[in-house]
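A look at the structure
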Amino acid sequence: MTGVFVVGAGMHAFGRHEGVSGMAMGEHALRAALADAGLTWSDVDAAVGGSNVSGKPDTLVARLGPTGIPFVTVRNGCATGGVALATAADMIAAGRAEIVAVVGFDKHERGAFGSDPAAYGLGPWYAEAGLMVTTQFFAMKTRRYLHQHGLDPEVLALAAERAFANGAAHPLAWRRKALPAKEIGAADMVNDPLTRYMFCSPGQGGVALVLARGDRAADLCERPVRLAAAEVRTRRAGSFEVFAPSLAPGAGDGAGSPSVAAAAAAFAAAGVGPGDVDIAQVQDTDSGSEVIHLAETGLCAHGAQAELIGSGGTRHDGALPVNTDGGCLANGEPIGASGLRQVHEVVRQLQGRAAGHQVPGRPRVGFTHVYGAPGLSACTVLTV
Amino acid sequence: MATPAHQAGRPTADRTGEATADRAGPPADDRPLADPSLFARRDPPALRGSRCTRCAAVTFPAAARCPACCVGDTTEVELPDTGTVWTWTVQSFPPKPPYRVPDSGFEPFPVGYVELGEVLVEGRFTGPVAIGDRVRLRLVDPGTGRLVHGFAAVRP
């Protein structure tokens, strides 16, 4: 058996955890993943960790043990988890390690992320004008997309309704209460057309995975999950990204989108197509992002989301189960952990041991997509 | 289909706090520009963009090196002062610093992108708009006493 496999998955519940540091959540997840694989830290050949704001992941060796292994730290915004995983897979593929641990964690305080214009190469005028707001970007992109593809804004509430229904059933999710679409649509407007319940919140949590080279995987795990592809792409000219004083005409048509590119690369590397996917995770920073990303990744046609979501097709028992653990909407977004949460959920679904709603019919092909500023996406294909 | 909540989230022109800047308008207005480099001229206002000599992309603000292809040099261009609304939202809550809440208190304000010839430019609107509306460039005061570019609907 060649290739790279996930042989262990662990997670610290997402939410807000007073008195628990981000690093401690990372440690918890890492120990859980090692236990899941039946391994100890001393069996690990190399590690990759990511955190946006909650400390240096490589200092986890002080908690797990100073075994002398290489430990790579990544910090790639919302795509941190995806980049960490791709880096770990490359270590195995390159023959540098047989067993690699991947960990991501973060602990964010409440409220939307603030940003400094200078960090994005912008003058102070941009913030003065009131434009330096991430939620504005998501709302403007969503409105344009709905307009362009003739979609009713109702789809935004329906996507969130499904997310909270899945979160309610998942013991590690943050938002554990189902919400009817009507209540979601009528809630306070954050940035029209997106209401309070259509945005995820900065959150807290940790996730870890243990990867193994193919010839070791079957011995370590009863049902190893093949990481058939892990691809990262940055934007090209013409994409529609946050904090842009100007855009090219046609922005948002998918030209230049890192999500389009990363998904296509992942499917090509795995030798499967979007039509083969049995279960998916797509970045749902907000309801509109999910709607857009379903099409950008190729999982459905542009404009077909209303029918797909409205008919229950993305429910855990639908034709294309999406974000079965509640996604970012129900879990919040501890940035370093978020992309790995997606993989954690899909791995457990493919193994038939989902913590929440289990997808029926033994799914065999999983897909994950994480996206972040300023135009960076990471996609995986997972198979059993 | 807009729900009542969608409607409620749209401020009226009276609530945006920018009507004063519109009425006052240059040349009587002596408030400084937040960043003069954004403008080709002030009265009547026009934005200063740049066009790539290699890939022809038009971008705003003007940049010496083309931000689209990152290879070509650029020449300055004055952007058209009227265009159509490409997308919009309403900023319903006060942004975090370095944004400063006006002394008069925060009022929601609409923002979006306007198709100005060969480029989409982001800015504030002086009142409610819809995609496809014709708008014209205006100087607006976001509450700091320093003027930035914005757009007002062109009434037929």
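Below you will find a few notes about this structure. (Residues numbered from 1 in each chain as written. Chains lettered and ligands numbered in written order. Predicted model: local features only at pLDDT ≥ 70, side-chain atom pairs only at ≥ 80, totals over all residues. Heavy atoms only, no water.)

A few words now on the pairing of strand S12 (residues 376-383) of chain A. All names here are of chain A. Counting buried positions along S12 gives eight out of eight residues, so the element sits mostly inside the fold. Judged from the eight bridges that link them, strand S8 (residues 225-234) and S12 form a sheet pairing that is antiparallel. Within the sheet, the bridge partner assigned to Arg-233 lies in S12 and is Ser-377. Pairing geometry for strand S11 (residues 365-372) and S12, over eight bridges, is antiparallel. From the neighbouring strand, Gly-366 faces S12, where its bridge partner is Leu-382. The antiparallel hairpin formed by S11 and S12 contains three residues in its connecting segment, where Gly-375 sits at a positive phi of about 105°. (Buried < 20%, exposed > 50% of the residue type's maximum accessible area, 1.4 Å probe, protein only. Helix = DSSP H or I, 4+ residues; strand = E, 2+ residues; numbered from the N terminus. Pairing = 2+ DSSP bridges.)

Attention now moves to the packing of helix H3 (residues 80-93) of chain A against helix H13 (residues 335-350) of chain A. When two helices pack together, their arrangement is captured by the angle between the axes and the distance separating the axes. For the pair H3(A) and H13(A), the least separation of the axes is 6 Å and the interaxial angle reads 65°. Residue-level inspection shows Thr80(A), Gly81(A), Gly82(A) and Leu85(A) of H3(A) in contact with H13(A), the latter providing Ile335(A), Gly336(A), Gly339(A), Leu340(A) and Val343(A). (Axes fitted to C-alpha atoms, helices over the stretch in contact; angles between N-to-C directions. Contact = heavy atoms within 4.5 Å.)

All right, on to helix H9 (residues 258-270) of chain A then. Residues and elements named next belong to chain A. Taking 1.5 Å of rise per residue, the 13 residues of H9 would be expected to cover 18 Å, and the 18 Å separating its terminal C-alpha atoms lies within 8% of that figure. Taken together, the buried positions of H9 are Pro-258, Ser-259, Ala-262, Ala-263, Ala-265, Ala-266 and Phe-267. Elements that come into contact with the buried residues of H9 comprise S8, helix H10 (287-296), S11 and S12. Here H9 starts with a cap whose side-chain oxygen sits 3.1 Å from the backbone nitrogen of Ser-259, and that cap is Ser-257. (Expected span 1.5 Å × (residues − 1). Polar contact = N/O pair within 3.5 Å; in protein donor to acceptor, adjacent residues only side chain to side chain.)

Moving on, we get to the nonpolar core. Grouped together as the largest cluster of nonpolar side chains are 94 residues, with contacts concentrated most on Leu299(A), Phe367(A) and Leu79(B). Looking at this core element by element, the count peaks at seven residues for helix H6 (residues 154-168) of chain A. The residues contacting Leu299(A), other than those within four sequence positions of it, are Phe267(A), Pro274(A), Val277(A), Ala280(A), Val282(A), Leu294(A), Leu320(A) and Phe367(A). Counting 39 residues, the second-largest nonpolar core is a separate cluster that includes Val48(A), Ala79(A), Ala89(A) and Ile92(A). (Core = buried A, V, L, I, M, F, W, Y, C linked by side-chain atoms within 4.5 Å.)

Residue and element names in this part refer to chain A. Following the criterion strictly, the structure yields 18 salt bridges over all chains and no others. In this structure, the salt-bridge partner of Arg-213 is Asp-215, at a minimum N-O distance of 2.9 Å. Residues joined in a network through salt bridges with shared partners are Glu-98, Arg-213, Asp-215 and Arg-216. (Salt bridge = Lys/Arg side-chain N within 4 Å of Asp/Glu carboxyl O.)

Looking now at the packing of H6(A) against H10(A). Residues and elements named next belong to chain A. With their axes 8 Å apart at the nearest point, H6 and H10 run at an angle of 95° to one another. By the criterion of interaxial angle, the relationship of H6 to H10 is roughly perpendicular. Contacts between H6 and H10 involve Val-155, Leu-156, Ala-159, Ala-160 and Arg-162 from the former and Ser-287, Gly-288, Glu-290 and Val-291 from the latter. Partitioned by chemical class, the residues of the contact of H6 with H10 number five nonpolar, two polar and two charged. (Parallel < 35°, antiparallel > 145°, perpendicular 65-115°, else oblique. Nonpolar A, V, L, I, M, F, W, Y, C, P; charged D, E, K, R; others polar.)

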